[in-house]
Amino acid sequence: LGATPLADVAADLARRAGFETCNADALTAMVEGFVLAGGETARGALEALMRAYGFFARVEDGVLTFRPLDAGAPVALDPAACVPGRQDVGRTALQGEADDAPVAVRAHALDPTRDGRAHVAEARTAAGAARRVETISLPLALPGEPLAVIADEALREAGAARDRTVLRLPPSRLAAIEPGDPATTPDGDLHRVVRVDGVEVTLQRLPRGAGRRAGL
């Protein structure tokens, strides 16, 4: 099992999942020990890689395109400075219920130091055990430390994803904004645009360092 460009792996999985064409040129990481097990679907493996390597997919000009979560310069959005006095311009913070976020994330992979046997790394919050546990099955052969990094980052991102912000902005301000774009707000947080609807844009907060995976 050797290193393979993430772009090649993502493109291959996209084709297996039924997408005839795709663009993965923005993905520059290398994947160590990629293994697609017999019971794993291409779509499931691709979604797991997105979590592990911090990238997302969206359609651009009719083509499925993969981009890192932190790709490009973020758009600065400040509702207070857009159209003073307009009642339909503002900001609404939406925070999910506590049960929306998992209390733990368990990442499964093959252990290259133990003849490819399965192993698991878990990241857990300080909360009680009543809330749900999320499982990520990775089509990778990874030793313990990188797998633990993936579990920890996935838990941070799941917690941050609970916090969403709806900005009501003039249509002209939203003309160049698309779902998937990175954006910043006056509080300094980095967000990802998840929806643009009329004069409203919905942002999902990203944790610090999203799009980068230490040890991968």
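Our subject is the structure listed above.
Bear in mind that the values here come from a model prediction, so they are computed numbers and not experimental data.

Visitor: It is not clear to me how the overall build of the chain should be interpreted in this structure. Could you clarify?
Guide: Looking only at helices and strands, the chain features four helices and 14 strands. In the chain, buried positions account for 41% of the 216 residues. Once local pairs closer than 6 in sequence are excluded, the contacts in the chain between residues at least 24 apart make up 69%. Carbon together with sulfur atoms contributes 49% to the accessible area of the chain, which is approximately 10900 Å² in total.

Visitor: It is not clear to me how the nonpolar core should be interpreted in this structure. Could you clarify?
Guide: Grouped burial of nonpolar side chains is what soluble globular proteins tend to show. Counting residues in hydrophobic clusters, the biggest one holds 34 residues, and the most contacted among them are Leu27, Leu49, Tyr53, Phe55, Phe66 and Leu138. Counting residues per element, the ones that place at least two in this core are α1 (6-16), α2 (42-53), β5 (63-68), β8 (104-111), β9 (117-124), β10 (133-141) and α3 (144-160). Membership of the second largest hydrophobic core comes to nine residues, among which are Leu77, Leu167, Val193 and Leu203.

Visitor: Is there a simple way to think about the pattern of salt bridges in this case?
Guide: Should the charged atoms of two oppositely charged side chains come close, the side chains can pair. Inspection of the entire model under this criterion finds eight salt bridges. One salt bridge in this structure joins arginine 16 and aspartate 12, with 3.0 Å as the shortest N-O distance. Within this pair, arginine 16 and its partner aspartate 12 are both found in helix α1, separated by four residues, close to a single helical turn. Between glutamate 122 and arginine 106 there is a salt bridge, and its shortest N-O distance comes to 2.5 Å. Taken as a pair, glutamate 122 in strand β9 and arginine 106 in strand β8 lie far apart in primary sequence, 16 residues in all. Looking at arginine 106, the relative accessible area reads 33%, which means it is partly exposed. Where salt bridges share partners, they join Arg58, Glu60, Arg67 and Asp181 into one cluster.

Visitor: For this particular structure, what's the right way to read the sheet that holds β5?
Guide: Within a sheet, neighbouring strands are paired by backbone hydrogen bonds and run either parallel or antiparallel to one another. The strand order β2-β5-β4 describes an open sheet built from three strands, whose pairing is mixed. Lying at the two open borders of the sheet, with one neighbouring strand each, are β2 (22-23) and β4 (55-60). Bridge analysis of β4 against β5 gives six bridges, and the strand direction is antiparallel. The residue of β5 that forms the bridge with phenylalanine 56 is arginine 67.

Procedures and definitions
Residues numbered from 1 in each chain as written. Predicted model: local features only at pLDDT ≥ 70, side-chain atom pairs only at ≥ 80, totals over all residues. Heavy atoms only, no water. Helix = DSSP H or I, 4+ residues; strand = E, 2+ residues; numbered from the N terminus. Buried < 20%, exposed > 50% of the residue type's maximum accessible area, 1.4 Å probe, protein only. Contact = heavy atoms within 4.5 Å. Areas by Shrake-Rupley, 256 points an atom, 1.4 Å probe, with all protein chains shown as cover. Core = buried A, V, L, I, M, F, W, Y, C linked by side-chain atoms within 4.5 Å. Salt bridge = Lys/Arg side-chain N within 4 Å of Asp/Glu carboxyl O. Pairing = 2+ DSSP bridges.

Keep in mind that these numbers describe shape and distance, not what the molecule does.
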